[in-house]
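Chains, contacts and geometry: an overview
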Amino acid sequence: MTDRINEKLGAWLLKEGHTRELLANEIGISRPALLARLNGTSNWNWEEVVRVAQITDSDLNDLAGISKTAT
């Protein structure tokens, strides 16, 4: 899941004007906490994952690596 989150956030950071500081503020965590999550030394909590989904306009299932299958 962390790889998918970091991929989405990396794309978000490439947009003009987006910085790690802005991203940390949008998620509601400190910049050092964001860096720890991006580096994999700290885990994302559920509230942060939900916020990442909102910020990046992503589906939670996609971030979790859950594929939707028709039944």
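Here's a quick rundown of the structure. Keep in mind that this is a model prediction, so the values were computed, not measured.

Structural notes on helix α1 (residues 2-13)
With 12 residues, α1 should cover 16 Å at 1.5 Å per step; its first-to-last C-alpha distance of 16 Å lies within 8% of that length. Along α1, the residues that are buried comprise Ile 5, Asn 6, Leu 9 and Trp 12. Taken down its axis, α1 places every buried residue within 120° of arc, on the same side. For α1, exposure combined with an orientation more than 90 degrees from the buried face picks out Asp 3 and Glu 7. On its buried face, α1 is in contact with α2 (20-27), α3 (31-39), α4 (46-56) and α5 (60-64).

Overview of α3
Ala 33, Leu 34, Arg 37 and Leu 38 are the residues of α3 that are buried. One side of α3 carries all its buried residues, which in axial view fall inside an arc of 135°. For α3, the exposed residues lying more than 90 degrees away from the buried face are Pro 32 and Asn 39. Turning to α3, the residues buried within the fold contact α1, α2 and α4. If you check the start of α3, you find a side-chain oxygen 3.1 Å away from the backbone N of Ala 33, and it comes from Ser 30. In the stretch just after α3, Gly 40 is the one whose phi turns positive, near 80°.

Reading the values: rules and limits
- Each chain has its residues counted from 1, following the order in which its sequence is written.
- Reporting of local features is limited, given that this is a predicted model, to residues whose pLDDT is at least 70; pairs of side-chain atoms are given and counted only at 80 or more, and all residues count toward the totals for whole chains, interfaces and linings.
- Side-chain numbers come from the whole structure's heavy atoms, not from hydrogens or water.
- Numbering of helices and strands runs from the N terminus, with a helix taken as a DSSP run of H or I at least four residues long and a strand as a DSSP run of E at least two residues long.
- Take the residue count of a helix, subtract one, and multiply by 1.5 Å to get its expected span.
- Note on classification: 1.4 Å probe, protein chains only; a residue is buried when its accessible area is under 20% of the maximum for its type, exposed when over 50%, partly exposed between these limits.
- In this description, one arc is meant: the one made by directions from the helix axis to the C-beta atoms.
- Any pair of residues with heavy atoms lying within 4.5 Å of one another is described as a contacting pair.
- N or O atoms within 3.5 Å of each other form a polar contact, as long as, within protein, one can give a hydrogen and the other can take it, and as long as residues adjacent in sequence are counted only when both atoms are side-chain atoms.

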